[in-house]
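Examination of the molecular architecture
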Amino acid sequence: MTTADTSQNIKTRLTVQSRRRLQAQQTQRTPRMTFHLGEEAFGGFAAGIVGTLLGFPLDLVKTRMQTQLSCSATKQLSTLSLLAQILRTEGISSVYKGVGPPLLSLSIVNTLSFTSYSYFRQNHFHGQDGWDYKNTLSGMMGAPIFGLVTTPENFLKTQMQLDNVRRERENMQKSQFVGEKQIIQRNKLRGKFTSSFHCARTLVSSHGIPVLYTGHVINTFREAAFVGTYFFCYEGYKAEFRQLLLGIDNLICSSVDNTNNCKTPWFTPLAVPMAGGCAGATAWAFTFPMDCVRAGVQGQLIPSSPSLEPAKKQGALEILKHLLQSKGFSGLYAGVSPSIARAFLVSGSRFSAYEGALWLCRWSGLTSSK
C-alpha cells in the first residue's frame, strides 16, 4: 500500500468519525419530541385558560359593536361607555355570559395550536427566530383542525352575546312614548337562553347538529390567516424586542459599579409579553374584516322553535355586501378598538402563561429535555 493510499484511508476514517461525532452532538442537542409535545400541550392549555378569562369582557363589547343595527342606541358609545352600559342594564354576570364554550374550546385550540406550531416548525419547515415566513406556514398547518373546534364555539358565543340585546330591541319596539320621553324596561335585561348548553340544546333540537357549524368556511379562513400572522409576528417581534431590551440592560450594567448586578437581566424577560401583545394586536388588525363578516353570519337570528318561520340565512358574501352598502369600508372595522385592546392584553398574558408553563414543566421535572 502506498503512502498516498494510507493517507487517504486516514482522512476517510477521520471524516467518518467527524460525521458521527457531529450526529451525536446534534442528537444530544435536539430534545426528544415526546417531551416537547407534553410541554407544549401544558403551555397551550394554560395560555387558553388565562387568555379567555382576561379577554372575554372586551370580546363581548366587540361583538355588540360588530352586529349592532344602524339605529341602535349603542351606535355612538365608546368601548368603555358600552361596557358600563352593559354592566348597568344587564348585570355583571352578563359580561361572562357564554364564556363556557370559548373557555373549553380555546383551551383545546391553544393546546393544539402551540403543539402543532412547535412540531411543524421544528420538524418540517425548520423556521428560524425572527421574521421568517416559515413560521407563518407552521402556524397555518393546524387551521383546518382549529376550525372544527372554534366554529361551534364562536357560533354559541355570538348567539349568547347577542341574546340580551335582541330582547332589548324587542322592548324598544314595544315601548310607549310619554311626552318626549321613551319608557324602556331596563330592569336587568334577560334573553331567552339561560346558558350556552341551553342555547346549543335548543337550536340543535330544532335544526340539527349542522346549525352549530354556521359560518364554518369563513371562520376557518379567518383562523388560518390569524394564526399564520400571529406566530410570524411573535417570532419577529420577540427577536426585535430582545435585541432592544438587551441593549438597555447592557447600558444599565455599564453604568453600575457592581458588576454582579449584570448577572440577572432587568428588562430582557419583558420581550415575551411585549412580543405576544404586539403579535396579537397585529394579527387581529389584519384579520378583523373577516371576523366582522364571521360575526354577521353567526349572529343571525335563528328561530328556537320549529313552528316559527325560519329566516333566510345570509352567507359570508351577502353579509360583506350588506356591510359595505350600509356602513361602508369602516363597517368592516366596527368594534376594532376593544378588539385590539383585548388582543394586546390576552396575547401578552397568553404567551407569558405559555412560557411560564414550559419553565414550570422543566423546573419541576414533569418533563425532560435530555
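All values derive from a computational prediction rather than experimental measurement.

Take the overall build of the protein chain next. Regarding its fold elements, the protein chain presents 12 helices and 2 strands. Going through the 370 residues of the protein chain one by one, you find that 45% of them count as buried. Across the protein chain, every contact between residues at least 6 apart in sequence was considered, and the portion connecting residues at least 24 apart equals 80%.

All right, on to the packing of aromatic side chains then. Inspection of the entire model under this criterion finds 12 aromatic pairs. Geometrically, the ring pair formed by Tyr117 and Phe231 is stacked, given 4.0 Å between the ring centres and 10 degrees between the ring planes. In this pair, Tyr117 sits in helix H4 (residues 100-125) while Phe231 sits in helix H9 (residues 216-254), placing the two residues 114 residues apart along the sequence. Pair check on accessibility: Tyr117 and Phe231 agree, each one buried. Members of the aromatic cluster, each reached through a chain of ring pairs, are Tyr117, Phe226, Tyr230, Phe231, Trp284, Phe288, Phe329 and Tyr333.

For the rest of this paragraph, the subject is the side chain of Thr150. Note on placement: Thr150 falls in helix H6 (residues 143-161). A polar side-chain atom of Thr150 sits 2.9 Å from a polar atom in the side chain of Asn219.

A few words now on the nonpolar core. By size, the foremost hydrophobic cluster in this structure holds 24 residues, and its most contacted members are Phe114, Phe226, Tyr230, Phe231, Tyr234, Phe351 and Tyr354. Of all the elements in the fold, those that place two or more residues in this core are H4, H9, helix H10 (271-298) and helix H12 (336-364). Not counting residues within four places of it along the chain, the set of residues in contact with Phe351 comprises Phe114, Tyr230, Phe231, Tyr234, Val272 and Gly276. Among the nonpolar cores identified, the runner-up in size contains 10 residues, and Ala200, Leu203, Leu212 and Ile302 belong to it.

Phi at His126 is positive, roughly 55 degrees, even though this residue is not glycine. Position of His126 among the secondary structure elements: in the loop between H4 and helix H5 (133-140). A relative accessible area of 44% places His126 in the partly exposed class.

Attention now goes to the pattern of salt bridges. On inspection of all chains with the given rule, the structure shows 7 salt bridges. Here Asp129 and Arg121 are joined by a salt bridge, their closest N and O atoms 2.9 Å apart. Its relative accessible area of 58% is what places Asp129 among the exposed residues. In this structure, the salt-bridge partner of Arg222 is Glu223, at a minimum N-O distance of 3.0 Å. Among the ionic contacts, a cluster of salt bridges with common partners joins Arg121, Asp129, Glu235 and Lys238.

Across the protein chain, the average pLDDT comes to 75, with 71% of residues at 70 or higher. By mean pLDDT, strand S1 (residues 176-178) is the weakest element of the protein chain at 42, and H5 is the strongest at 93.

Turning next to a nonpolar patch on the surface. Together, Leu104, Ile108, Leu112, Ile145, Leu148, Ile209 and Tyr213 line one region of the surface with nonpolar side chains, adding up to about 630 Å² of accessible area. Of all the secondary-structure elements, those providing two or more residues to the nonpolar patch are H4 and H6. With 3 residues, the single largest contributor to the nonpolar patch is H4.

Okay, the state of the cysteines next. Applying the stated rule across the entire model yields 0 disulfides. Between Cys233, a free cysteine, and Cys278, which holds the nearest cysteine sulfur, the sulfur-to-sulfur gap is 9.5 Å.

Our next topic: the environment of Val272. Here Val272 shows up in helix H10. Taking the C-alpha atoms as reference points, Val272 and Tyr237, separated by 35 residues in sequence, lie 8.8 Å from one another. Non-local contacts of Val272, meaning those with residues more than four positions away in its chain, are made with Tyr234, Lys238, Arg242, Phe351, Ser352 and Glu355.

In this fold, Gln298 is placed in helix H10. Note on Gln298: relative accessible area 0%, which makes it buried. The residues contacting Gln298, other than those within four sequence positions of it, are Thr151, Asn154, Phe155, Thr158, Gln159, Thr214 and Gly215.

So, on to the packing of H6 against helix H8 (residues 196-207). Two quantities define a packed helix pair, namely the angle between the helix axes and the distance between the axes. In contact at an axis separation of 10 Å, H6 and H8 are set at 105 degrees when each is read in the N-to-C sense. In terms of axis orientation, H6 runs roughly perpendicular to H8. The segment H6 lies against H8, with Phe155, Leu156, Gln159 and Met160 engaging Ser196, Cys199, Ala200 and Leu203. Partitioning the contact of H6 with H8 into residue classes produces 6 nonpolar, 2 polar and no charged.

Procedures and definitions
- Residues numbered from 1 in each chain as written.
- Predicted model: local features only at pLDDT ≥ 70, side-chain atom pairs only at ≥ 80, totals over all residues.
- Heavy atoms only, no water.
- Helix = DSSP H or I, 4+ residues; strand = E, 2+ residues; numbered from the N terminus.
- Buried < 20%, exposed > 50% of the residue type's maximum accessible area, 1.4 Å probe, protein only.
- Contact = heavy atoms within 4.5 Å.
- Phe/Tyr/Trp six-rings, centres within 6.5 Å; stacked < 30°, edge-to-face > 60°.
- Polar contact = N/O pair within 3.5 Å; in protein donor to acceptor, adjacent residues only side chain to side chain.
- Core = buried A, V, L, I, M, F, W, Y, C linked by side-chain atoms within 4.5 Å.
- Salt bridge = Lys/Arg side-chain N within 4 Å of Asp/Glu carboxyl O.
- pLDDT = per-residue confidence, 0-100.
- Patch = residues over 30% accessible without salt bridge, like charges linked within 9 Å, V, L, I, M, F, W, Y side chains within 5 Å.
- Areas by Shrake-Rupley, 256 points an atom, 1.4 Å probe, with all protein chains shown as cover.
- Disulfide = S-S within 2.5 Å.
- Axes fitted to C-alpha atoms, helices over the stretch in contact; angles between N-to-C directions.
- Parallel < 35°, antiparallel > 145°, perpendicular 65-115°, else oblique.
- Nonpolar A, V, L, I, M, F, W, Y, C, P; charged D, E, K, R; others polar.

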